[in-house]
Amino acid sequence: MAVRAWMLVLVLALAACGKPPEIAAPAGVKIVPLKTYSRVESWFLLNMAGVEGVSAEHAVDTYRVTYETRPQDGEPVRASGLMALPRGVAAKRIVSFQHGTTTRREGVPSRLDVTGAAASILFAGNGYMLVAPDYLGLGDGPGVHGYYVAADHARAVTGLLAAARQLPQAPAGAVFLSGFSQGGHVSLAAMRQMEAEGEAVFAAAPVAAALDIRHISLGAALAGGSPSHSLYLAYIAWGYAHHYGEPLDTALTPEYAAKVEALYGTPHSAQDIMEGLPADPRDMFAPEFLDAFDGGGGHWLLARIAENGLTDWTPKAPVRLYYGAADRDVVPEEAIRAEERFRARGADVTAVNTGEVEHEGSMLAAAPMILAWLRELEGE
């Protein structure tokens, strides 16, 4: 057994020696080669991650892309993201994959975190051009990350797409959008913006997406059904306070406003943040916020959460909302209710149960389903 393990290590070491070729960047864009994943390494990483029923048909070249985008009602800002290409073949279509919640500036696709590597292998390894934005305020982007600010992160997606489409390697045709957790929300925010501006979207496949936080996920999170709920809620309050120019201590208690500013304003892991926040999320909120939530009153944070919801429009392209039946972080009701609301508006939207899996497991279960659906739409 030990000999086989050492042989595998040797194979992977040899497979990882490749380097992506240089790509000439268009004006205003910087492209840095990162790493090449061989088919052997890709197979190993997919199996280690627990993604079943998917192989990689091609080696994958990955790049960090730095570009400019314009947030809503703002000046152009720097942003970064990941691009991956299948080696030796022309890409069939652009797939934009949006990552889930991260509290670390460096924990993003352009740094080849788990999401970046997995998305590259899943999509570029099967013949697609993969782009994955880091979002504003993360990666190389300056400032505070406005967690769940729909319009700004939609522009991070469209800005990276615009940069990628200037390359001769970019295939023509409408983009396929997918994403996990926060990235599911970002995917539909980007789809809404693109379709509103007259750009066709091929299809969208969000996983574990919170789309109506104000009326569904907020109540579930305040009840504290998941150890991560305090982290999510504090992140939204902190990001919105900075983004919209509101005092954080009008949403959180003075004690927790100061603590949250320290936890999110300087580098901390998700585990460190959860350990610094109360198990009961309600304990960190100011009485005026809780009174407004419990009594149906008004509060700036409730209003901002509501305006970043994504169920009051009509998608033109097909959408599949994947969810885990045992997910406590983003409750299944988000996908089920969104399907109902979108279908009532005439949209082609289907909620897909990936099985009795929790939050992270829903992405692993959905990955082969998404690739199979994409191939089906392509007519393969």
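Reading the values: the criteria
- Residues numbered from 1 in each chain as written.
- Predicted model: local features only at pLDDT ≥ 70, side-chain atom pairs only at ≥ 80, totals over all residues.
- Heavy atoms only, no water.
- Helix = DSSP H or I, 4+ residues; strand = E, 2+ residues; numbered from the N terminus.
- Rg over C-alpha atoms; globule rule 2.2 N^0.38 Å.
- Buried < 20%, exposed > 50% of the residue type's maximum accessible area, 1.4 Å probe, protein only.
- Contact = heavy atoms within 4.5 Å.
- Areas by Shrake-Rupley, 256 points an atom, 1.4 Å probe, with all protein chains shown as cover.
- Lys, Arg positive; Asp, Glu negative; His and termini not counted.
- Charge placed at Lys NZ, Arg CZ, Asp CG, Glu CD.
- Pairing = 2+ DSSP bridges.
- Right-handed = clockwise from strand over helix to strand, strands pointing away.
- Salt bridge = Lys/Arg side-chain N within 4 Å of Asp/Glu carboxyl O.
- Phe/Tyr/Trp six-rings, centres within 6.5 Å; stacked < 30°, edge-to-face > 60°.
- Lys NZ or Arg CZ within 6 Å of the ring centre and 35° of its normal.
- pLDDT = per-residue confidence, 0-100.
- Axes fitted to C-alpha atoms, helices over the stretch in contact; angles between N-to-C directions.
- Expected span 1.5 Å × (residues − 1).

> In this structure, what is going on with the overall build of the chain? I would like to understand it.
A count of helices and strands for the chain gives 13 helices and 9 strands. The C-alpha radius of gyration of the chain comes to 20 Å, within 12% of the 21 Å expected for a compact globule of 380 residues. Its C-alpha atoms give the chain principal-axis dimensions of roughly 60 × 50 × 45 Å. Looking at the 380 residues of the chain, the share that counts as buried comes to 57%. Counted over contacts in the chain with a minimum sequence separation of 6, partners at least 24 positions apart contribute 77%. By element, 54% of the accessible surface of the chain is carried by carbon and sulfur atoms, the whole surface being about 15,400 Å². Where the 29 positive side-chain charges of the chain centre and where its 43 negative ones centre are 7 Å apart.

> Would you take a moment to explain the pairing of strand S6 (residues 175–180) for this structure?
Each regular strand shows side chains that alternate between the opposite faces of the sheet. In terms of burial, S6 is a largely internal element, 6 of the 6 residues being buried. Because side chains alternate across S6, one face comprises the buried residues Val175, Leu177 and Gly179, and the other comprises Phe176, Ser178 and Phe180, equally buried. Direction of pairing for strand S4 (residues 94–98) relative to S6: parallel, over a ladder of 4 bridges. Bridged to Val95 within S6 is Phe176. A crossover links S6 with its parallel partner strand S7 (residues 201–207), the connecting element being helix H5 (residues 182–196), and its sense is right-handed.

> How should I be thinking about the pattern of salt bridges in this particular structure?
Should their charged atoms come close, side chains of opposite charge can pair. One pass over the full model with this rule turns up 14 salt bridges. Between Glu378 and Arg93 there is a salt bridge, and its shortest N-O distance comes to 2.8 Å. With a gap of 285 residues between them, Glu378 in helix H13 (residues 359–378) and Arg93 in the loop between strand S3 (77–86) and S4 connect regions that are remote in the sequence. Here Glu339 and Arg343 are joined by a salt bridge, their closest N and O atoms 3.5 Å apart.

> How do you make sense of the packing of aromatic side chains when you look at a structure like this?
In this description, a pair of aromatic rings is defined by centroid distance and the angle of the planes. For the structure on display, the rule yields 10 aromatic pairs. On the basis of an interplanar angle of 35° and a centroid distance of 6.4 Å, the ring pair of Phe97 and Phe123 is categorised as tilted. Of the two residues, Phe97 sits in strand S4 while Phe123 sits in helix H3 (residues 114–123), which places them 26 residues apart along the sequence. For Phe123, a relative accessible area of 1% gives the class buried. Consider the rings of Phe285 and Phe289, whose centres lie 4.6 Å apart with planes at 25°: the pair is stacked. A residue is classified by how much of its surface remains accessible, and Phe285, at 4% relative accessible area, is buried. In this structure an aromatic cluster arises from ring pairing among Tyr147, Tyr148, Tyr235, Trp238 and Tyr264. It is Lys35 that lies over the ring of Tyr37; its NZ or CZ is 5.0 Å from the centre. A cation sits over an aromatic face here: Arg93 above Phe202, 3.5 Å from the ring centre.

> Help me understand the confidence of the model for the chain, please; the structure alone is not making it clear to me.
Low pLDDT marks regions whose predicted coordinates should not be analysed in detail. The pLDDT averaged across the chain works out to 94; a share of 95% of its residues lies at or above 70. Residue range residues 1–8 is modelled with pLDDT below 50. Its contacts to residues more than four positions away, or to other chains, number 1 contact.

> I tried to follow the pairing of strand S8 (residues 319–323) on my own but got confused; where do I start?
Summarising burial for S8: 4 of the 5 residues are buried, a large majority. Sheet analysis places S8 next to strand S9 (residues 349–353), joined by 5 bridges and oriented parallel. For Arg320, the partnering residue across the bridge sits in S9 and is Thr350. You can see the chain leave S8, run along helix H12 (residues 333–344) and come back into S9, and the turn it takes is right-handed.

> How should the sheet that holds strand S2 (residues 60–69) be read in this particular structure?
In sheet architecture, strand pairing relies on hydrogen bonds along the backbone and comes in two forms, parallel and antiparallel. In space, the 9 strands of this open sheet follow the order S1-S2-S3-S5-S4-S6-S7-S8-S9, with mixed pairing throughout. Across the chains shown, the open sheet's two edge strands, defined by having one partner strand only, are strand S1 (30–37) and S9. Between one strand and the next, the sheet's axes are offset by a mean angle of 20°, whatever the strand orientation. Here 7 bridges tie S1 to S2, and the two strands are oriented antiparallel to one another. Residue Lys30 lies in a different strand from S2, and its bridge partner there is Thr66.

> Got a minute to help me understand H13 in this structure?
Two residues of an α-helix separated by three or four positions point the same way, owing to the 3.6 residues in each turn. Taking 1.5 Å of rise per residue, 20 residues should cover 28 Å, and H13 covers 28 Å from first to last C-alpha, within 8% of that figure. Of all the residues in H13, the buried ones are His359, Ser362, Met363, Ala366, Ala367, Ile370, Leu371, Trp373 and Leu374. In this structure, the buried residues of H13 make contact with S4, H3, S6, S7, helix H7 (229–244) and S8. Gly379, located one to two residues past H13, shows a positive phi value of around 80°.

> When you look at the environment of Arg337 in this model, what are you seeing that I'm missing?
When you line up the elements, Arg337 lands in helix H12. Classification of Arg337 as partly exposed rests on a relative accessible area of 34%. With 40 residues separating them in the primary sequence, Arg337 and Gly297 have C-alpha atoms 24 Å apart.

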